[in-house]
Amino acid sequence: MIRCWRLDDASQSLVLGSRDERLAEVVYWGARLPDNEDIETIYRANVIDVAGGMLDINPELSVCPEASRSFPGQPGLVLRDGSGAQLLPKFRFSAETISENAVSVSFRDETNGLTYIASFAINPATHIVEAKAVLETDEPTYLHWFAAPVFPAPQLSDEMLDFSGRWCGEFQMNRTPWSPGIRSRENRTGRTGHEHFPGLVVPCRGATDTSGDVYAFHYAWSGGHGMTAEELPDGRRQIQFGHAAGIETEPGTRFETGKLHAVYSDGGINGCAVAFQRHLRDQIVTFPQPGRARPVHYNCWEAVYFSHNLSELKALADEAADLGAERFVLDDGWFGNRDDDTRALSDWHVDPRKFPDGLDPLIDHVHMRGMSFGIWFEPEMINPDSDTYRKHPEWALGDKDQILGRNQKALNMALSEVRDFLFERVGKVLEHHAVDYIKWDHNRVLPAPDAAQTRGTYQLIDRLREAFPQIEIESCASGGARIDFEILRRTSRVWLSDSNDAIERLLMQHNAAIFLPMAVTGSHVGPRVCHTSGRTIDIRFRAWVAAQRHLGFELDPRELTAAEAQILKDVTAWWKDNRDWMFDADILRLESADPAVVAEQHLARDGNRFVVFAGKHRPSQQIVPRPLRLTRLNRNAKYRIELTNRSDAPGLSRGDPLLKSAGVTMSGNYLMNHGLTLPWSFPETMWVIEGRLA
């Protein structure tokens, strides 16, 4: 007997099939099939041949490949019973639930007392497929590995793209050729991690940023994940994502994976990026004040660090407001006796030495200057040198003699008493002060990964959001170590990196935009001399790189010359004028003919306007700029093009390319096939080009 299921949107189809009541497998995923396509025929046509040296029947590459079927690759489920004996499931179809855009199929293993449920939902607006698996057991069971529903990978693909990183160097793209065997990545840090962002892009041969068939995945889970991209001996390929192996430390009777977000695009990597950006912004993130324009931030961290002085903070607020800031964020150092990073974490009460009259005098001053007030917390962490630790050392996660990270331990978020304590302490600060924003930090890896820790954090954030729905939360973890779609169900901004180096930011932002829209990606103008790289960078480049995303400042404004301050004011004013349409814009990667230029195009949802940021991060090999092709424009339409910052052209730019002196009107066809001819520029500079439908 053959069973088949089908999901479609305007651009893609997903077909699952099952024979003889065995586990379903994805037999087609790609460009939209005709409505009258016989999907049972597709299932039958997907069966591969048998040759010498093979089993007599090829085991299914199912949504949860079974070792009991002699599957030649990695199984989708590894578990043991309560005594520690390995279980080898043999699932059979038991039920289905079908709706317009979703299907859920259930399978049962009566011998082992297991029920497996795979769910798929396709979003017709964003084109994202969300896939999730649930395992229910009759008896307590130890789970080692559990993959979200497994997808096949295209065989007309030569490489896969994934993302590694480090502190101050997130979202570094890796290109790995397909070959027989496994590309395996596992993050065991207990958070999403700098090291292994839970995303994968699989381009088919010839695909680029702007064209061709591409498949992409993101696993939404904040506690560490595993990924397997495997080519079997018979040539088939599978993609598995799940929680990191072994992080369910206690036996249970119900387990569920995170949601695996998957998308097919025939428009290159940009097609996947648009789908992820829109899905995250429009379907996942909840903005506390959705009608409010994204405010320009000022964060005081790199101006004062732990040295909090009311008069100095007021002076910084004045300077920030004059530059155009609309939200003042008080960072680490306001609580306990927190004079450095060795003490007081978890002592969440205002330091009376620094703020003898509490925070209200500062908050009132911030409000008087027309800004809202935000504050830093790191709720999941504790210093051994803290009143809370001395009272409750048993609340710390891990061994007493563990290696510390930033002089701190993690609290055991699985304990209800810990969550209650944090809710009371953090909630008291929020209840008694006019706070509209939390920078929620997480500055060390866990001593050992534990799924219960992540679930406990989710519960605390959910509880605080319910109690204080007007407060926006930013996910920060030593920069970008906790960025994923599940933490973003609870937060509405991410701190991409602790690096404010504009060159590093330019590159990181470019790759992160495959998954993240402008609306949630914080980017700040840092100091003249970057505190993490030591590099000195011009204010123009720093400001325009930050203006590509949710703009903020994180410098001591008192270091600015009058000319620098004016440049920052001008860029900030430009950003405010454009932020509303850029909030909903699609960020598109442009294929620069010059490797020294990293360029992207923000295209309005209605297609009537755009802005191009062309950042030159190192010297070019050729003398003058190569033309820069745009993308996704109306070929037959005319666009009025202006070089926004033409006054930045240096003296060595001695010619007169038209854009340097005047606006131009040209067709989308010309802009996409020939491209823009820009003036010469130094490295570490940015051209900003605006276009409107003429």
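The structure this text deals with has already been given above.
Cut-offs used in this document
Residues numbered from 1 in each chain as written. Predicted model: local features only at pLDDT ≥ 70, side-chain atom pairs only at ≥ 80, totals over all residues. Heavy atoms only, no water. Phe/Tyr/Trp six-rings, centres within 6.5 Å; stacked < 30°, edge-to-face > 60°. Buried < 20%, exposed > 50% of the residue type's maximum accessible area, 1.4 Å probe, protein only. Lys NZ or Arg CZ within 6 Å of the ring centre and 35° of its normal. Salt bridge = Lys/Arg side-chain N within 4 Å of Asp/Glu carboxyl O. Helix = DSSP H or I, 4+ residues; strand = E, 2+ residues; numbered from the N terminus. Pairing = 2+ DSSP bridges. 1 Å grid on protein atoms, 1.4 Å probe; cavity = no way out; pocket = protein on both sides within 12 Å on 5 of 7 lines; lining within 4 Å. Points joined across faces, edges and corners; volume = space filled by probe spheres on them. Nonpolar A, V, L, I, M, F, W, Y, C, P; charged D, E, K, R; others polar. Axes fitted to C-alpha atoms, helices over the stretch in contact; angles between N-to-C directions. Expected span 1.5 Å × (residues − 1). Arc of directions from axis to C-beta. Contact = heavy atoms within 4.5 Å. Polar contact = N/O pair within 3.5 Å; in protein donor to acceptor, adjacent residues only side chain to side chain. Parallel < 35°, antiparallel > 145°, perpendicular 65-115°, else oblique. Left-handed = near helix turned anticlockwise from the far one by under 90°.

What follows is about the packing of aromatic side chains. Here the distance between the centres and the angle between the planes together describe a pair of aromatic rings. Scanning the entire structure with this criterion turns up 37 aromatic pairs. With centroids separated by 4.7 Å and ring planes inclined at 70 degrees, the aromatic side chains of Trp-301 and Tyr-305 adopt a geometry described as edge-to-face. Residue classification places Trp-301 among the buried positions, given a relative accessible area of 15%. Note on Tyr-305: relative accessible area 31%, which makes it partly exposed. Taken together, the ring pairs in this structure connect Trp-29, Phe-120, Phe-151, Tyr-215, Phe-217, Tyr-219, Phe-241 and Tyr-264 into an aromatic cluster. Arg-463 extends its terminal NZ or CZ atom over the ring of Phe-423, reaching a point 4.0 Å from the ring centre. Here the basic side chain of Arg-505 rests over the ring of Trp-495, its NZ or CZ set 4.5 Å away from the ring centre.

What the rule picks out here adds up to 60 salt bridges. Among the salt bridges present, the one from Glu-472 reaches Arg-327, with a minimum N-O distance of 3.3 Å. Highlighted residues: Glu-472 in strand β26 (residues 472–475) and Arg-327 in strand β21 (residues 327–330), separated in sequence by 145 residues. An identical accessibility class is assigned to Glu-472 and Arg-327; each is buried. It is possible to trace a salt-bridge network through shared partners that takes in Glu-130, Lys-259, Asp-462, Glu-486, Arg-489 and Arg-490.

Here we take up the pairing of strand β3 (residues 25–31). Counting buried positions along β3 yields five of seven residues, so the element is predominantly enclosed. Counting the residues that bridge the hairpin from strand β2 (residues 12–19) to β3 gives five residues, and of these Asp-20 lies at a positive phi of roughly 55 degrees.

Our focus in this paragraph is the sheet that holds strand β16 (residues 225–231). Reading across the sheet, the four strands line up as β10-β17-β16-β13 and stay open at both edges, with antiparallel pairing between neighbours. The open sheet has two edge strands, β10 (151–152) and β13 (181–186), and neither has a second partner.

What the largest pocket holds in volume is close to 780 Å³. Contributing to the lining of the largest pocket are 31 residues, with Glu-25, Val-26, Val-27, Asn-46 and Arg-236 lying nearest its centre. It is β3 that provides the largest number of residues to the lining of the largest pocket, a total of seven residues. Taken together, the residues that form the lining of the largest pocket break down as 17 nonpolar, four polar and 10 charged.

This part covers empty space enclosed by the protein. Under the counting rule described, the total for this entry stands at eight cavities of 30 Å³ or more. Its boundaries defined by the atoms lining it, the largest cavity holds a volume of some 180 Å³. Together, 20 residues line the largest cavity, and Asp-594, Val-597, Pro-625, Arg-626 and Leu-678 are the ones closest to its centre. Looking at the lining of the largest cavity residue by residue, the classes come out as 12 nonpolar, five polar and three charged. In this structure, the second largest cavity is lined by Leu-143, His-144, Trp-145, Phe-146, His-243, Ala-244, Gly-246, Ile-247, Glu-248, Phe-255, Glu-256 and Thr-257. At the level of secondary structure, the elements contributing two or more residues to the lining of the second largest cavity comprise β9 (129–146) and β18 (252–256). For the lining of the second largest cavity, the element with the most residues is β9, which contributes four residues. Taken together, the residues of the lining of the second largest cavity sort by class into six nonpolar, four polar and two charged.

Let's shift gears to the environment of Ala-51. One can find Ala-51 in the loop between α1 (39–45) and β4 (77–80). Judged by its relative accessible area of 48%, Ala-51 is partly exposed.

Moving on to the sheet that holds β3. Read from one edge of the open sheet, three strands run β1-β2-β3, paired in antiparallel fashion. Among the strands making up the open sheet, the edge pair consists of β1 (2–8) and β3. The mean inter-strand angle of the sheet, taken between neighbouring strand axes irrespective of direction, is 15 degrees. As defined by bridge partners, β1 adjoins β2 across seven bridges and the pair is classed as antiparallel. Each bridged residue has a counterpart across the sheet, and for Asp-8 the counterpart in β2 is Ser-13.

Below, the discussion takes up helix α4 (residues 310–323). Given 3.6 residues per turn, any residue in an α-helix points the same way as the ones three and four places further on. When the terminal C-alpha atoms of α4 are compared, their 20 Å separation across 14 residues agrees well with the 20 Å that a helix rising 1.5 Å per residue should span. Within α4, the full set of buried residues consists of Leu-313, Leu-316, Ala-317, Ala-320, Ala-321 and Leu-323. For α4, the angular spread of the buried residues around the axis is 150 degrees, confining them to a single face. Those residues of α4 that are buried lie in contact with β20 (297–299), α3 (301–304), β21, α5 (360–368), β29 (550–553) and α11 (562–583). A positive backbone phi angle near 120 degrees is found at Gly-324, which sits one or two residues after α4.

Looking at where Arg-589 falls in the secondary structure, it is placed in strand β30 (residues 586–589). The exposure class of Arg-589 is buried, given its relative accessible area of 8%. At a separation of 3.2 Å, a polar atom in the side chain of Arg-589 contacts the side chain of Asn-511. In this structure Arg-589 touches Met-173, Asp-209, Thr-210, Ile-269, Asn-270, His-510, Asn-511, Ile-514 and Ala-599, once residues within four positions along its chain are discounted.

Our next topic: the pairing of strand β15 (residues 214–220). Across the seven residues that make up β15, a large majority, seven, are buried. With burial as the criterion, each face of β15 is covered, one bearing Val-214, Ala-216, His-218 and Ala-220 and the other bearing Tyr-215, Phe-217 and Tyr-219. Pairing between strand β14 (residues 196–203) and β15: five bridges, direction antiparallel. When the bridges of β15 are listed, Leu-200 appears paired with Phe-217. As paired strands, β15 and strand β19 (residues 259–265) are joined by seven bridges and run antiparallel to one another. When the sheet's bridge partners are listed, His-218 is paired in β19 with His-261.

What follows is about the packing of α4 against α5. With their axes 10 Å apart at the nearest point, α4 and α5 run at an angle of 15 degrees to one another. If you check the angle between α4 and α5, you find them roughly parallel. Here the hand of the crossing between α4 and α5 comes out right-handed. Every residue of α5 that contacts α4 at Leu-310, Leu-313, Lys-314, Ala-317 and Asp-318 is listed here: Pro-361, Leu-362, His-365 and Val-366. Its residues assigned to classes, the contact of α4 with α5 shows six nonpolar, one polar and two charged.

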